[in-house]
Amino acid sequence: MDLIIGSHVSFSKDKQMLGSVIEALSYKANTFMFYTGAPQNTNRSLIDDKLTELAHNLMLNENINIKDVIVHAPYIINLANDKNYDFNIKFLKEEIKRVEKLGVSKLVLHPGSHVGLGIEAGINNIIKSLNDCLTPDTKVIICLETMAGKGSELGCTFEQLKTIIDGVKEKDKIGVCLDTCHISDAGYDLNNFDKVLEEFDNIIGLDKLKVLHINDSKNICGAKKDRHENIGYGQIGFDNLLKILYHDKLKDIPKILETPYVDTELGKLAPYKFEIQMIRDKKFNDHLINDIVLDNK
Ligand code: FE
Ligand code: FE
Ligand code: ZN
């Protein structure tokens with residue numbers, strides 16, 4: 001089967017998911033991920049069913065499987081902090097409904113930061129929140145993202161994610177999104193990915209892995225910084241990322257690039273078309289910026 005690969009794309013008020021599909025196709029992607037509004041706030045517009053239908057029809061024509069499409073929850077909701085408990089729960093419940101209305105089945109969520117409450121209290125808050133939001137009727141799988149361990153972030157070890165999953169009652173509504181930049185920053189050495197994957201399988205179970213975020217990292221393994229870098233331009237490196245992208249055990253899992261826009265003479269431009277190209281070619285492109293600029297002229 002073909003590699004399932006795409007990137008983060010935008011979701012505009014006027015075109016909604018139809019615009020997201022069109023953007024993904026411009027990168028020659030066969031999947032994509034978007035926020036249903038700005039990632040840093042919780043202002044959300046109503047989902048327009050007409051646009052959703054047009055988006056679905058276009059996906060059918062272009063061989064994008066809606067099962068591989070991902071929504072990312074805004075990163076400002078923090079389930080580990082019980083201070084904004086009611087607001088968080090209300091927002092997450094509404095977001096789950098929006099994602100279901102769009103026909104998308106996977107929602108990536110940052111577990112949260114304990115902000116001084118301590119690891120155990122933070123994790124308990126996350127579990128309680130998830131149990132309040134997930135019901136037997138929920139159609140979406142919440143994919144907890146592996147985090148870099150910046151500040152008081154939780155979910156930066158496989159054990160912490162396992163503890164959260166163990167506490168969730170609706171087990172089949174919970175999965176994991178593995179982010180290569182984050183796990184490297186958290187201290188998992190991607191020079192030996194097979195060992196990392198084995199550890200993931202032993203602790204969490206490979207069946208729980210639903211999404212991969214493929215990013216290089218500006219920083220070395222264990223740096224806990226969370227600064228994404230373009231594919232092959234960072235400390236993880238092209239060959240290590242290729243091994244993950246083409247890993248036998250990860251064939252069916254959608255792979256999403258969240259690499260940074262590139263600074264060029266024409267302004268900041270998306271690198272995804274050329275990153276996807278070099279991944280498909282299995283050959284590192286050391287003139288990425290040039291190609292992006294030429295393509296935009
Ligand atoms: Fe994320
Ligand atoms: Fe990510
Ligand atoms: Zn990140």
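The sections below set out a description of the structure shown in this document. (Residues numbered from 1 in each chain as written. Chains lettered and ligands numbered in written order. Predicted model: local features only at pLDDT ≥ 70, side-chain atom pairs only at ≥ 80, totals over all residues. Heavy atoms only, no water.)

The number of helices and strands found in the protein is ten helices and 14 strands. The C-alpha extent of the protein, read off along each of the three principal axes, is 50 × 45 × 35 Å. Buried residues in the protein amount to 57% of all 297 residues. One finds the centroid of the 37 positive side-chain charges in the protein at a distance of 3 Å from the centroid of its 44 negative side-chain charges. (Helix = DSSP H or I, 4+ residues; strand = E, 2+ residues; numbered from the N terminus. Buried < 20%, exposed > 50% of the residue type's maximum accessible area, 1.4 Å probe, protein only. Lys, Arg positive; Asp, Glu negative; His and termini not counted. Charge placed at Lys NZ, Arg CZ, Asp CG, Glu CD.)

A word on the packing of aromatic side chains. Counted according to the given criterion, the structure contains nine aromatic pairs. Between Tyr-35 and Tyr-75, the ring centres sit 6.3 Å apart and the planes meet at 90 degrees, which makes this aromatic pair edge-to-face. Highlighted residues: Tyr-35 in the loop between β2 (31–34) and α2 (49–61) and Tyr-75 in the loop between β3 (70–72) and α3 (85–101), separated in sequence by 40 residues. On the basis of relative accessibility, which here comes to 11%, the residue Tyr-35 falls in the buried class. Relative to Tyr-188, the ring of Phe-158 lies with its centre 4.2 Å away and its plane at 15 degrees, an arrangement referred to as stacked. With Phe-158 in helix α5 (residues 158–167) and Tyr-188 in the loop between α6 (180–186) and α7 (193–203), the pair connects residues that are 30 residues apart, well separated along the chain. (Phe/Tyr/Trp six-rings, centres within 6.5 Å; stacked < 30°, edge-to-face > 60°.)

This brings us to the coordination of the iron ion (ligand 2). Protein coordination at the iron ion (ligand 2): the donors are Glu-145 (OE), Asp-179 (OD), His-213 (ND1) and Glu-258 (OE), at 2.1 to 2.2 Å from the metal. Coordination at the iron ion (ligand 2) is irregular: its four donor atoms span angles of 82 to 173 degrees at the metal. Sequence positions of the donors to the iron ion (ligand 2) reduce to the motif E-x33-D-x33-H-x44-E. Between the iron ion (ligand 2) and the iron ion (ligand 1), the interatomic distance is 3.3 Å, and Glu-145 donates to each metal, bridging them. Taken together, the residues span a long stretch of sequence, with His-213 in strand β9 (residues 209–214) and Glu-258 in the loop between β12 (255–257) and β13 (262–264) at a distance of 45 residues. (Donors = N, O, S within 2.8 Å, 3.2 Å for Na, K, Ca; no water. Tetrahedral: all angles 85-135°; square planar, octahedral: opposite > 155°, others 65-115°.)

Attention shifts here to the pattern of salt bridges. All chains considered together, the criterion is met by ten salt bridges. One salt bridge connects Lys-101 with Asp-49, and the closest N-O pair in it is separated by 2.9 Å. Residue Lys-101 is located in helix α3, and its partner Asp-49 is located in helix α2; the two are separated by 52 residues in the primary sequence. When its relative accessible area of 43% is taken as the criterion, Lys-101 is described as partly exposed. According to the relative accessible area criterion, Asp-49 is partly exposed, its value standing at 45%. We note a salt bridge from Asp-263 to Lys-268, for which the minimum N-O separation is 3.4 Å. The two residues Asp-263 and Lys-268 agree in class, both being exposed. Residues joined in a network through salt bridges with shared partners are Arg-44, Glu-95 and Arg-98. (Salt bridge = Lys/Arg side-chain N within 4 Å of Asp/Glu carboxyl O.)

Attention shifts here to the packing of helix α9 (residues 272–281) against helix α10 (residues 288–296). Each pair of packed helices can be described by the angle between their axes along with the distance between the axes. Their axes nearest at 9 Å, the elements α9 and α10 cross at an angle of 125 degrees. It follows that α9 is oblique to α10 by the angle criterion. Note that α9 runs across α10; the crossing there is right-handed. Within the contact between the two elements, α9 uses Lys-273, Phe-274, Glu-275 and Met-278 and α10 uses Leu-288, Asp-291, Ile-292 and Asp-295. Its residues assigned to classes, the contact of α9 with α10 shows four nonpolar, no polar and four charged. (Axes fitted to C-alpha atoms, helices over the stretch in contact; angles between N-to-C directions. Parallel < 35°, antiparallel > 145°, perpendicular 65-115°, else oblique. Left-handed = near helix turned anticlockwise from the far one by under 90°. Contact = heavy atoms within 4.5 Å. Nonpolar A, V, L, I, M, F, W, Y, C, P; charged D, E, K, R; others polar.)

Our next topic: the nonpolar core. Ranked by internal contacts, the top residues of the largest apolar core, which has 87 residues, are Met-17, Phe-32, Phe-34 and Leu-130. For this core, the leading source of residues is α3, giving six residues. Contact partners of Phe-34, with chain neighbours within four places excluded, come to His-8, Val-9, Ser-10, Phe-11, Met-17, Ser-20, Val-69, Ile-70, Val-71, His-72, Leu-102 and Val-104. Counting residues in hydrophobic clusters, the runner-up holds eight residues, among them Met-33, Ile-70, Ile-141 and Cys-177. (Core = buried A, V, L, I, M, F, W, Y, C linked by side-chain atoms within 4.5 Å.)

Let us look at the side chain of Asn-285. The topology assignment puts Asn-285 in the loop between α9 and α10. You can call Asn-285 buried: its relative accessible area is 10%. One polar contact links the side chain of Asn-285 to the main-chain amide nitrogen of His-287, over a distance of 2.8 Å. The residues touching Asn-285, leaving out its near neighbours within four places in the chain, are Tyr-233, Phe-274, Met-278 and Asp-291. (Polar contact = N/O pair within 3.5 Å; in protein donor to acceptor, adjacent residues only side chain to side chain.)

Our focus in this paragraph is the sheet that holds strand β8 (residues 174–179). Strand order in the closed barrel formed by eight strands is β1-β2-β3-β4-β6-β8-β9-β12, and the pairing between neighbours is parallel. With strand direction ignored, the average angle separating the axes of adjacent strands in the sheet is 30 degrees. With respect to the sheet, helix α1 (residues 16–26) is in contact with β1 (5–8) and β2, its orientation differing from that of β2 by roughly 135 degrees. (Pairing = 2+ DSSP bridges.)

We now examine the coordination of the iron ion (ligand 1). Those donors, His-72 (NE2), His-110 (NE2) and Glu-145 (OE), are the protein atoms that reach the iron ion (ligand 1), and they lie 2.1 to 2.3 Å from it. We note that the donor set of the iron ion (ligand 1) lies within a single chain, spaced as H-x37-H-x34-E.

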